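A closer look at the structure
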Amino acid sequence: MPGTIEEWIAHVQDKPLPVLSRTIIQLERLCRHDDTPIQDIVDEIERDPGLTAQLLRRCNDSKGHRLDRQISSVQQATMLLGTQQVKSIAQQLPVLEKSFSETAQKQILRTFCRAYHAGYQAVYWAKLRRDMTPDEVFAASQLHFLGEMILAIHAPEQLLAVFEMRREKSISYEEAQYITLGFTFDQLSLAIAKAWRLPDLVQEALQAENANNSRGFGIMMAVQLARGAAIDWYSDKMTSIYEYVSELLEVSVDDIISQSHRLAVEIAQQTQSYGVMQSASLLPLIKSDSSVATVKQSIASDYQADICLIPQVNILKVTMEKLKTALNEKQKPDAILEICLTGLHDGIGLNRVVYTQLDNENKNLSAKAIIGADNDP
C-alpha cells in the first residue's frame, strides 16, 4: 500500500473512481428520451460524487480536451460530452456495490454523503452571493473530498483508523490524519487535483491561504460544515463556521443556522439511497436512535481537543539537505518556502505554520502559505 503522497499519486493515476448502481439505472432512464431536461441529468450526476470527479477528470485531460478552457462543472461536462457519452462513461466505471468490500462501501458512501452535503450547502450560499456560475462551486466542493474518496476506495482500513483515533484520543481532525497517514486528506486532494488537471477553483479552495477569495472561502466553510455536522451541529467549531458564513453573506447567524438545517433535511431526502447515517439525523427535530446519540456524545469534543505533533529528526535532516540544495541551485522562492514549511511542520512538529507577507501598500500582512490549518482560514 502506498505511503507518501507521491506514491499515492502514482498508484491512482490511471485508476477510475466507482459509480453508484442507482446512477447507472437513472441515467439509462433519463437518457432514453431526447426531451429530458439537461438539468435532470446534471442533478442525477451530482448526486454521485465519484461520477462527478470522473467526468471532470476526463474533460480536463490534456489528451482528450477539445477546448482551450477548463471544464469546471457537471453541466459544462455534460454539454461538452453529450448525454449518450456521459451514460457510456458511467457504464464503463466499476460499480460500487459490486466491486468493493462491505467496509470499503461504507467508507465510500459516507464520504460521498459528506461531499454532496458540502456541495449542496456551498451552491446555496453561492446563489445568495449572486455567483454567476454556482455549478462550478458545487463541483469544487465535492472534489474537495477527493483524497478521502481515494483512501475510502483503496485503503478503507486506514481511513477508518483516522476516525477511530479522532474519537478515542479526542484529538483534532487534521492531526488524526497526519499521525495516521503522514499527510492530510486535503494535501492528498490537492496533489490529485494537480495530477488530474482539475479546475483551478478546486485547487484554490484546497489551500487555506486563498480564504480571502469569497468563492474559495465559501467552499472551505461548506466543507467544514459538512464534516462538522456529521459529529455535532452545536459544537464551538460549528458556531464559528456559522459566524464566518454570516459575515460572508451578510445574513444573520440565526438565519444561517436555520437555512443549513433545512438544507440538511433536503440533502437527507435526496441521498437516502446511500444507506448511511445522514447529518440531518443529529438535528434535534429529527428522530434518531440511541446509537446516534452515543456517537454524538463520544466525539462532540473533538474540535476542542489539540495535541502537539512529535518532532521527526529524520524528516528534519532531509529537509535541511533539500533546503541547502535549493539555495545552491537558486530555486524559486515558492519552492524554498514549501521546503521550509514542511521542515517546520513535519520535522520540528509545529501544529500550524503560517507565512505572511506585506501587501503592495505595506499596510497589512496577508497569508501566502499555510500548513496544518485543517483548511481553516
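Described in the following lines is the structure provided in the data block. (Residues numbered from 1 in each chain as written. Predicted model: local features only at pLDDT ≥ 70, side-chain atom pairs only at ≥ 80, totals over all residues. Heavy atoms only, no water.)

As for the overall build of the protein chain
Convention followed: What counts as a helix is a DSSP run of H or I of at least four residues, what counts as a strand is a run of E of at least two, and both are numbered from the N terminus. Any two residues whose heavy atoms approach within 4.5 Å are treated as being in contact. Methods summary: accessible areas were calculated by the Shrake-Rupley approach with a probe of 1.4 Å, and residue burial reflects only the protein chains presented.
The number of helices and strands found in the protein chain is 20 helices and two strands. A fraction of 67% describes how many contacts in the protein chain between residues 6 or more apart in sequence connect residues 24 or more apart. For the protein chain, the accessible surface area stands at approximately 18,000 Å², while carbon and sulfur atoms represent 50% of it.

Points about the environment of Gln-70
Which entries qualify depends on this criterion: The definition of a polar contact used here is a pair of N or O atoms within 3.5 Å, where within protein one atom must be able to donate a hydrogen and the other to accept one, and adjacent residues in sequence count solely through side-chain atom pairs.
Position of Gln-70 among the secondary structure elements: in the loop between α4 (49-60) and α5 (74-81). The spacing of Gln-70 and Arg-197 is 127 residues in sequence and 9.1 Å in space, taken between C-alpha atoms. A polar contact is formed between the side chain of Gln-70 and the side chain of Asp-200, at a distance of 3.0 Å.

Things to note about helix α2 (residues 21-30)
For the record, the criterion: For the exposure calls, accessible area comes from a 1.4 Å probe over protein chains only, and a residue counts as buried if that area is under 20% of its type's maximum, exposed if over 50%, partly exposed in between.
The complete set of buried residues in α2 reads Thr-23, Ile-24, Gln-26, Leu-27 and Leu-30. The inward-facing, buried residues of α2 contact α3 (38-46), α4 and α6 (83-92).

Quick look at the packing of helix α9 (residues 134-143) against helix α15 (residues 214-229)
For clarity, the cut-off: Axis definition: a line fit to C-alpha positions, over the contact stretch in the case of helices; interaxial angles, taken between N-to-C directions, run 0 to 180 degrees. When an angle is under 35 degrees it counts as roughly parallel; over 145 it counts as roughly antiparallel; between 65 and 115 it counts as roughly perpendicular; any other value is oblique. By the definition used in this description, the sense in which the near helix is turned from the far one sets the handedness, with an anticlockwise turn below a right angle giving left-handed and a clockwise turn giving right-handed. Ten residue types, Ala, Val, Leu, Ile, Met, Phe, Trp, Tyr, Cys and Pro, are classed as nonpolar, four, Asp, Glu, Lys and Arg, as charged, and the remainder, Gly among them, as polar.
At a minimum axis distance of 10 Å, the contact between α9 and α15 shows a crossing angle of 45°. One element, α9, and the other, α15, form an angle in the oblique class. The handedness of the crossing between α9 and α15 comes out as right-handed. Contact residues: Glu-136, Val-137, Ala-140 and Ser-141 in α9; Arg-215, Ile-219 and Val-223 in α15. Residue classes in the contact of α9 with α15 are distributed as four nonpolar, one polar and two charged.

Topic: the pattern of salt bridges
What counts, and what does not: Whenever a carboxyl oxygen of Asp or Glu lies within 4 Å of a side-chain nitrogen of Lys or Arg, that contact is scored as a salt bridge.
Inspection of every chain in the model, using the stated rule, returns 13 salt bridges. Salt-bridge contacts for Glu-148 lead to Arg-114; the nearest nitrogen and oxygen are separated by 2.3 Å. Of this pair, Glu-148 sits in helix α10 (residues 146-154) while Arg-114 sits in helix α8 (residues 102-128); the two residues are 34 residues apart in sequence, bridging distant segments of the chain. On the accessibility criterion, Glu-148 (0% relative accessible area) is buried.

Considering the packing of aromatic side chains
What counts, and what does not: In summary, the pairing rule links any two rings of Phe, Tyr or Trp, Trp by its six-membered ring, whose centres are within 6.5 Å, and it sorts them by plane angle into stacked for under 30 degrees, edge-to-face for over 60 and tilted for everything else. Counting as a charge over the ring demands two things of the Lys NZ or Arg CZ atom: a distance within 6 Å of the ring centre and an angle within 35 degrees of the ring normal.
Tallied over the full model, the rule gives three aromatic pairs. Measuring from centroid to centroid gives 5.8 Å for Tyr-116 and Tyr-120, while their planes differ by 45°, and the two rings are tilted. Here the residue Tyr-116 and the residue Tyr-120 both occupy positions in helix α8, the gap between them amounting to four residues, near one helical turn. Geometrically, the ring pair formed by Tyr-116 and Phe-138 is edge-to-face, given 5.8 Å between the ring centres and 70° between the ring planes. Of this pair, Tyr-116 sits in helix α8 while Phe-138 sits in helix α9; the two residues are 22 residues apart in sequence, bridging distant segments of the chain. According to the relative accessible area criterion, Tyr-116 is buried, its value standing at 3%. A cation over an aromatic ring shows up here: Arg-57 above the ring of Trp-196, its NZ or CZ 3.7 Å from the ring centre.

Regarding α8
Quick reminder of the rule: Under the convention used throughout, the expected extent of a helix is 1.5 Å for every residue step, that is, one less than its residue count.
Taking 1.5 Å of rise per residue, the 27 residues of α8 would be expected to cover 39 Å, and the 39 Å separating its terminal C-alpha atoms lies within 8% of that figure. In terms of burial, α8 is largely enclosed, as 20 of its 27 residues are buried. Residue Arg-130 follows α8 closely and has a positive phi angle near 60°.

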